[in-house]
Amino acid sequence: MSAEPAFPIFPHRHLLGIAGLSYPDIETLLDRADTDVDVSRQREKKKSVLRGRTQINLFFEASTRTQASFELAGKRLGADVMNMSVASSSVKKGETLIDTAMTLNAMRPDILIIRHAAAGAAALLARKVGCSVINAGDGAHEHPTQALLDALTIRRAKGSIGGLTVAICGDILHSRVARSNIILLNTMGARVRVVGPSTLMPAAIEQMGAEVFTSMKDGLKDADVVMMLRLQRERMAQALVPSVREYFRHYGLDAAKLALAKPDALVMHPGPMNRGVEIASEIADGPQSVIEEQVEMGVAVRMAIIEALLDARKNEAD
Amino acid sequence: MQSPYSGTAVYRNARIVDPSRGVDEIGTLFVVDGKIAAAGARALNQGAPEGADVRDCTGLTIVPGLVDTRVFIGEPGGEHRETIASASAAAAAGGVTSLVMMPDTDPVIDDVALVEFVLRTARETAKTRIFPAAAITKGLKGSEMTEIGILLDAGAVMFTDGRQTIANAAVMRNAMRYARDFGAVIAHETQDANLSDGGVMNEGLFASWLGFSGIPREAELLPLERDLRLAALTGANYHAAKISTAMSADVIRAARDRGLAVSAGVSINHLSLNETDIGEYRTFFKLSPPLRHEDDRRAMVEALKDGTIDVIVSSHDPQDVDTKRLPFSESADGAVGVETMLSAGLRLVHNGDVSLSRLIEAMSTAPAKLIGIEAGTLAPGAAADFAIVDLDMPWVLDAEALHSRSKNTAFDGARFSGRVTETVVAGNRVYSA
């Protein structure tokens, strides 16, 4: 075994959300993830800490990217990883989430990664199974690993998160990424802004720990980080925004709007992007974009959280 | 239901609370052949007649049997959730001696045959009195009116589309006009289907953090305001069946001030609980209308105190595990409650929000008056329907011990002070703790 720095024990059984994590919890995960970035950049990208452990990826919503990221993370730690895309199988036969969970639980996994369209699905699952659960996105509730990978990306680029001004832009209402990020960034001492039309803001957003802006001009002014969110096309049908053309003109990130932020502002996007809807191609591919780096950090952060949850020292303490 | 008990029973030294006569005093309840002969301090000064069944009720309280005007039952069509017999057993255990069954069955109670089915099944299997409510519109579809006159003659006591809100103002207006000619009560739950679309709980900060679209208070308010205007236009006997927000109470108060004879109900859940009880996605707290903010709950208590709200209902809605053991947004609305309504209501009495007499008025006397049945009173000559209550008995609710076939209670593990010890219908003991 290589001599690893001993990280403090992560004092949680599951990762269901950023809510409930403390500043040191997050710092420790990011420190761990930093070492996993190094692992991923080696020729031999494999650790053996989780040899013999089983990870099941249970994806009720299709998500190639997140699922692949979790799969790679588990494999690089040496775990056996199984993918279940339930979107296409037993749910259609009327099996409930809890039935599926009980079935999988009987296979004695060590960790379950769940993505589900219903808010609270990960918490429901966690109450019913005997292993650790990671929420890979539940409805519009939380997507904690996305917020952690965003934090790692920011910390590596800026040195620290505290004191930065971060503008989260677009469809806040339907975004689990926005909720997780608002909580995490506040915990880490950043100033959080949300920017978008009122129709895409959740009720009582002004009480959620963010300054609210309805114009990009005001919202992006002097920002250190600009985080764009994906706009689903169905929002037009719901009469929340009138058209792609109007949305892009007022809320899409282009060079003119980005110029209002600090010159060294980072441009981020959780993916997948709608080029020409919420972000212009030249910006997505431009020098301030760290969108590809976010994907790389995703694997490292997921390695860190899986390892932290399955830390052998925790089992000894049981 | 059993035929009236023949014989004489005397309940001595009880606290007799009878809001129909303004009585709250220590005294005697005297029952002869299934009817109240006398109740109060001056009843039976001469002593009990020979051969009477004499009971000492020192420390206990006797109230008129509760009348619950909003109970959902699964028979016909959903007997695995609840039957008329199981609902009546649950009612009896909660001190409820008369209940109004909602028309949301399968098939819907929109036809005389269904009204007769309910009354016959109740006669044969129920411990308590069961009164069917009939649908306002056929199939609860909100378009064609039911045969209100014939349904009334058959025994329907009120007209309601149950969980559904009639969206079409013209249909509502005509139903109100037509029902008025027959003196029929129109009871309506209001929730605008478009404004509440996609919402699963009260709109606000808590829903936003949980990641849910909310149901704004205005979804209840807008059709309610429309109905109040239509009630003024038509002179209908309109009952706002289940309000949940401070704004709704305000518009009813204002309508009354304008001289409109409308009435309002609230569920015991909205007097007892608020949105934060949902906690981490607990589906037994998913109700319709949704549990609201604590400010709204307080406003419901105030409206009960000042008389804006006339009636408390359980809104008993049995759901089984298939419909509740799901992610919150996918689970069904509703909670059982007929068995716990009085105990939950007594919390408001114990903490000084309302008097016992006011609570019993809203759970018994007023609902009996609303649907025009002879109940909700201990006046001489009335049917001997009453509950004996130990107001201070501490107990903890165990969902598995409920008499209802479904255990989806919002009060599992709740600590209560006060419990029904005995329920009597037409002089017969139908429940004893």
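Residues numbered from 1 in each chain as written. Chains lettered and ligands numbered in written order. Predicted model: local features only at pLDDT ≥ 70, side-chain atom pairs only at ≥ 80, totals over all residues. Heavy atoms only, no water.

**Section: the side chain of Ser314(B)**
Residue and element names in this part refer to chain B.
In step 1: Structurally, Ser314 can be placed in the loop between strand S15 (311-313) and helix H10 (321-324).
In step 2: Here the side chain of Ser314 touches Asp68 through a polar contact of 2.4 Å, side chain to side chain.
In step 3: A distance of 3.0 Å separates the side chain of Ser314 from the backbone nitrogen of His316, its partner in a polar contact.
In step 4: Leave out the neighbours within four places in its chain, and Ser314 touches Asp68, Arg70, Val71, Ile268, Asn269, Gly337, Val338 and Met341. (Helix = DSSP H or I, 4+ residues; strand = E, 2+ residues; numbered from the N terminus. Polar contact = N/O pair within 3.5 Å; in protein donor to acceptor, adjacent residues only side chain to side chain. Contact = heavy atoms within 4.5 Å.)

**Quick word on the domain arrangement of chain B**
All names here are of chain B.
In step 1: Assigned domains within chain B: domain 1 (8-62 + 383-432) and domain 2 (66-371).
In step 2: Distance between the C-alpha centres of domain 1 and domain 2: 26 Å.
In step 3: A combined buried area of about 3,100 Å² lies between domain 1 and domain 2, and 62% of that area is made up of carbon and sulfur atoms.
In step 4: The largest per-residue losses of area from domain 1 upon contact with domain 2 belong to Arg405, Asn408 and Phe411, which jointly make up 23% of the total buried on that side.
In step 5: The salt bridge partner of Arg129 is Asp385, with a shortest N-O separation of 2.6 Å.
In step 6: Applying the counting criterion to the domain 1 and domain 2 interface returns 15 residue pairs in polar contact (both at pLDDT 80 or more).
In step 7: Looking at the side of domain 1 that touches domain 2, the elements that each hand over two or more residues are strand S1 (8-18), strand S16 (386-396), strand S17 (415-425) and strand S18 (428-432).
In step 8: For the side of domain 1 that touches domain 2, the element with the highest residue contribution is S17, accounting for 9 residues.
In step 9: Residues of the side of domain 1 that touches domain 2, tallied by class, amount to 21 nonpolar, 10 polar and 7 charged. (Domains from an automatic or database assignment. Buried area = accessible area lost by both parts, 1.4 Å probe. Salt bridge = Lys/Arg side-chain N within 4 Å of Asp/Glu carboxyl O. Nonpolar A, V, L, I, M, F, W, Y, C, P; charged D, E, K, R; others polar.)

**Side note on the sheet that holds strand S14 (residues 263-267) of chain B**
All names here are of chain B.
In step 1: Spatial ordering of the open sheet is given by S6-S7-S8-S9-S10-S13-S14-S15, a layout of 8 strands whose pairing is parallel. Of all strands in the sheet, those bounded by a partner on one side alone are strand S6 (66-71) and S15. Adjacent strand axes in the sheet meet at a mean angle of 30° when their direction is disregarded.
In step 2: Both strand S9 (residues 158-160) and strand S10 (residues 185-188) contribute to a ladder of 2 bridges, which runs parallel. Of the residues in S10, the one forming a bridge with Thr160 is Ala187.
In step 3: Along the sheet face, helix H1 (residues 84-93) touches strand S7 (96-101) and strand S8 (129-134) and points at about 140° away from the line of S7. (Pairing = 2+ DSSP bridges. Axes fitted to C-alpha atoms, helices over the stretch in contact; angles between N-to-C directions.)

**Some thoughts on the sheet that holds strand S9 (residues 266-268) of chain A**
Residue and element names in this part refer to chain A.
In step 1: Pairing is parallel in the open sheet, where 5 strands are placed in the order S7-S6-S5-S8-S9. Two strands lie at the open edges of the sheet, namely strand S7 (211-213) and S9, each paired on one side alone. Each strand of the sheet is rotated relative to its neighbour by a mean of 20°, with strand direction disregarded.
In step 2: Both strand S5 (residues 165-169) and strand S6 (residues 191-195) contribute to a ladder of 5 bridges, which runs parallel. Considered in S6, the bridge of Ala167 is made with Arg193.
In step 3: Contacts from helix H6 (residues 176-187) reach S5, S6 and strand S8 (225-228) within the one sheet, and its direction differs from that of S5 by about 170°.

**Details of the interface of chain A and chain B**
In step 1: In this assembly, 21 residues from chain A lie in contact with 15 residues from chain B.
In step 2: Summed over both partners, the interface of chain A with chain B comes to about 1,500 Å²; 64% of that surface belongs to carbon and sulfur atoms.
In step 3: Its largest share of buried area at the contact with chain B, chain A owes to Ala119(A), Ala203(A) and Met208(A), together 26% of the area lost on that side.
In step 4: Counting every contact that joins chain A to chain B gives 1 salt bridge.
In step 5: Here Glu280(B) and Arg127(A) are joined by a salt bridge, their closest N and O atoms 3.8 Å apart.
In step 6: Between chain A and chain B we count 3 residue pairs in polar contact (both at pLDDT 80 or more) in total.
In step 7: Put simply, the parts of the chain that give the side of chain A that touches chain B at least two residues each are helix H3 (97-106), helix H4 (121-128) and H6 of chain A.

**Quick word on the pairing of S8(B)**
Look at any regular strand and the pattern is simple: side chains alternate between the two faces of the sheet.
Residues and elements named next belong to chain B.
In step 1: Judged by how many residues are buried, S8 sits mostly within the fold: 5 of 6 residues are covered.
In step 2: Summarising the sheet, S8 and S9 pair through 2 bridges and their orientation is parallel. Looking at S9, one finds that Ala134 is bridged to Phe159. (Buried < 20%, exposed > 50% of the residue type's maximum accessible area, 1.4 Å probe, protein only.)

**A look at the pairing of S1(B)**
All names here are of chain B.
In step 1: Sheet analysis places S1 next to strand S2 (residues 23-32), joined by 9 bridges and oriented antiparallel. Bridging from a neighbouring strand, Val17 pairs with Asp24 of S2.
In step 2: Connecting S1 to the antiparallel partner S2 that follows it, the hairpin turn spans 4 residues, and Gly22 within it adopts a positive phi of roughly 70°.
In step 3: Bridging between S1 and strand S4 (residues 53-56) involves 4 bridges; their strand directions are parallel. By the bridge assignment, Val10 is partnered in S4 with Val54.

**As for the pattern of salt bridges**
All names here are of chain A.
In step 1: Taken as a whole, this structure holds 45 salt bridges over all chains when the rule is applied.
In step 2: Taking the shortest distance from any N to any O, the salt bridge between Lys75 and Glu71 comes out at 2.8 Å. Pair noted here: Lys75 and Glu71 are both in helix H2 (residues 64-76), with a separation of 4 residues, about one helical turn.
In step 3: Taking the shortest distance from any N to any O, the salt bridge between Arg235 and Asp171 comes out at 3.1 Å.

**As for unusual backbone geometry**
In step 1: Looking along the chain, the bond that leaves Glu75(B) and enters Pro76(B) is cis, with omega of 5°.
In step 2: Following Asp106(B), the chain continues into Pro107(B) via a peptide bond in cis, with omega recorded as 5°.
In step 3: Within the secondary structure, Pro107(B) is located in the loop between S7 and helix H2 (112-125).
In step 4: A positive phi is found at Ala239(A), a non-glycine position, where the angle reads about 60°.
In step 5: You can see Ala239(A) is positioned in the loop between helix H8 (234-237) and helix H9 (244-251).

**Some words on the packing of aromatic side chains**
Residue and element names in this part refer to chain B.
In step 1: Across all of its chains, the model carries 7 aromatic pairs over all chains by this definition.
In step 2: Seen in terms of ring centroids, Phe212 and Tyr281 are 5.5 Å apart; in terms of plane orientation they differ by 85°. Their pairing is edge-to-face. Within this pair, whereas Phe212 is found in the loop between helix H5 (205-210) and strand S12 (214-215), its partner Tyr281 is found in the loop between helix H8 (268-272) and helix H9 (294-305), the two being separated by 69 residues in sequence. Each of the two residues, Phe212 as well as Tyr281, counts as buried.
In step 3: What links up through ring pairs into an aromatic cluster is the set Phe212, Tyr281 and Phe328. (Phe/Tyr/Trp six-rings, centres within 6.5 Å; stacked < 30°, edge-to-face > 60°.)

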